[in-house]
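Spelled out, the chains give:
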Amino acid sequence: MERKINVSFFCQRCLQPLKLDSSFNSLGEHTLAELSLPIVCSPEVELDAAGLDHLIPAFHLDDSGNGTNGFTLLGTQADSGDLSHQMKVTANLFDIVSSNSEIDHPLCEECTDSLIEMIDQQLKLTEDELHDYIRFLKKLQNETHVESIESLQDELKQLRGEEERLMEELKTLQEEEKEIMKEYEAQEAIRDRLECEEERYWKEYSKHRNEFILVEDEHRSVECELAYTKSQLDKLKKTNVFNATFHIWHSGHFGTINNFKLGRLPSAPVDWSEINAAWGQTALLLTSLANKINFSFDKFILVPYGNHSYIEVPSEQKILPLYGSGGFRFLWDTKFDAAMVAFLDCLQQFKEEVEKGDSGFCLPYRIDKGRLEDSATGNSFSVKIQFNSEEQWTKALKFLLTNLKWGLAWVSSQFAREQSEHTTA
């Protein structure tokens, strides 16, 4: 009984193991010759790419091995001689078939059927294209007519003449191109020069723009300063110098000028330095009011000198001090009393001078020989210290400051009127 040998290959498309038919073991020379004939595939035949994803190149016998590529031999060592002969025959068969076609062998039955179906579809498409070509060829043959040689020669002559004309036109265009290129180069040079000038212009522009911004900022700053200065000037124009400089008010029983008390009380003794400073402010106020109306006192000259102010009597060549020192009752110091009486006389002269220009002007307390009379009560108070009480002396000085405040108000109104007229003009 003959020994059975199993030989298996892999499908070159799906990589499934194959078992060959026993007829492959005995192939004659005639069969091999037929299989050696070349299989010509049409250039238009394109195999489905999806169907050849697992395509593996064919292997020759000398390339076989026991790896995953190629084919695998299954059998026993004892059958190695017969197996070698069968492998040579089968391998030669697959090599011949694979070399004469674009498809690698072996293939399983399913892959073969799929391939045949795909080739049939391609054949059908090719036949349809062949029919279309045949139909189109017949149509062309029916429509084609032979032109005469004369007409073709005339057409050739015309085409040559057209060629010569176009060549002349080409030469003309080439000359124009040269001229245009020269003009282009000249314009390029002009463009480069203009670009340099533009760059220089922008640099100058940026420089002047920066200077303009700085000058504009400075101009706005000056405008702000000017507006502030104008507002301050308007404020100062509306400010009354006399009211701002001399503030006459009262503090209890005392009359005050610039917060300096003028007078003394037993219950509220005031330091003589404060009284003297108040007399200095009072003398300065009356002097300023007289200067404002261009008036000079008769027989007296007021000399404001702080807390050592005094009154000059040119006719008698003596000085009357408007400041005191020591206690209240110094009977032998009569110059201070004489100075206060002289000051009251100067105030009376100022009143009379104002009344010449303004008959409606009057002082709230009438002045009469060193005394101030309250018209409401009919009482009068002396500005002298001698033979006087501190209360009455303090009240007389308060009346004195009140009269000065009225004089100050009148001069301030005149001053405001002059400013208004000057502004309107």
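Everything discussed here concerns the structure shown above.
Here's a quick rundown of the structure. Computed from a predicted structure; not experimentally measured.

Scoring rules and cut-offs
Residues numbered from 1 in each chain as written. Predicted model: local features only at pLDDT ≥ 70, side-chain atom pairs only at ≥ 80, totals over all residues. Heavy atoms only, no water. Pairing = 2+ DSSP bridges. Helix = DSSP H or I, 4+ residues; strand = E, 2+ residues; numbered from the N terminus. Axes fitted to C-alpha atoms, helices over the stretch in contact; angles between N-to-C directions. Contact = heavy atoms within 4.5 Å. Phe/Tyr/Trp six-rings, centres within 6.5 Å; stacked < 30°, edge-to-face > 60°. Buried < 20%, exposed > 50% of the residue type's maximum accessible area, 1.4 Å probe, protein only. Parallel < 35°, antiparallel > 145°, perpendicular 65-115°, else oblique. Left-handed = near helix turned anticlockwise from the far one by under 90°. Nonpolar A, V, L, I, M, F, W, Y, C, P; charged D, E, K, R; others polar. Core = buried A, V, L, I, M, F, W, Y, C linked by side-chain atoms within 4.5 Å.

Attention now goes to the sheet that holds strand 10 (residues 371–374). Spatially, the 3 strands line up as an open sheet ordered 9-10-11, and their pairing is antiparallel. Whereas interior strands pair on both sides, the edge strands pair on one side only; in this sheet they are strand 9 (365–368) and strand 11 (380–382). In this sheet, neighbouring strand axes are inclined to one another by 25° on average, regardless of whether the strands run parallel or antiparallel. The pairing of strand 9 with strand 10 spans 4 bridges and is antiparallel. In the strand pairing of strand 10, Ile 367 is matched with Leu 372.

Another aspect to go through is the sheet that holds strand 6 (residues 301–303). Taking strand neighbours across the sheet as the criterion, the 3 strands line up as 6-7-8 in an open arrangement whose pairing is antiparallel. Taken across any chain shown, the strands that pair with only one partner, and hence form the sheet edges, are strand 6 and strand 8 (318–321). Within this sheet the neighbouring strands show an average axis-to-axis angle of 25°, counted without direction. Summarising the sheet, strand 6 and strand 7 (residues 310–313) pair through 3 bridges and their orientation is antiparallel. The residue of strand 7 that forms the bridge with Val 303 is Tyr 310. Running over the sheet, helix 7 (residues 335–357) touches strand 6, strand 7 and strand 8 and is turned about 90° from strand 8.

To continue, consider the packing of aromatic side chains. As enumerated under the stated definition, the model contains 10 aromatic pairs in all. Taking 5.3 Å as the distance between ring centres and 65° as the angle between the ring planes, the aromatic pair formed by Tyr 201 and Trp 202 counts as edge-to-face. Residue Tyr 201 is classed as partly exposed on the basis of its relative accessible area, which comes to 47%. Judged by centre distance (6.2 Å) and plane angle (40°), the ring pair of Trp 272 and Trp 393 falls under tilted.

Alternating residues of strand 9 divide into Tyr 365 and Ile 367, all buried, and Arg 366 and Asp 368, none buried. The loop that links strand 9 with its antiparallel partner strand 10 comprises 2 residues; one of these, Lys 369, has a positive phi angle of about 55°.

Close contact between helix 6 (residues 272–292) and helix 7 brings their axes to 11 Å; oriented N to C, the two are set at 30°. Relative to helix 7, helix 6 is oriented roughly parallel. The crossing of helix 6 and helix 7 is left-handed. Here helix 6 contributes Trp 272, Trp 279, Thr 282, Ala 283, Leu 286, Leu 289 and Ala 290 to the contact with helix 7, which in turn contributes Phe 336, Met 340, Phe 343, Cys 346, Leu 347 and Phe 350. Tallied by class, the residues present in the contact of helix 6 with helix 7 amount to 12 nonpolar, 1 polar and no charged.

Now for the nonpolar core. Soluble globular proteins: nonpolar side chains tend toward being buried together. By size, the foremost hydrophobic cluster in this structure holds 53 residues, and its most contacted members are Trp 279, Leu 286, Leu 322, Phe 343 and Leu 372. Where this core is concerned, the elements lending two or more residues are strand 4 (254–257), helix 6, strand 7, helix 7, strand 9 and helix 8 (390–424). With 10 residues, the next largest nonpolar core counts Phe 9, Leu 18, Leu 107 and Met 118 among its residues.

What is shown is where atoms sit, not what they do.
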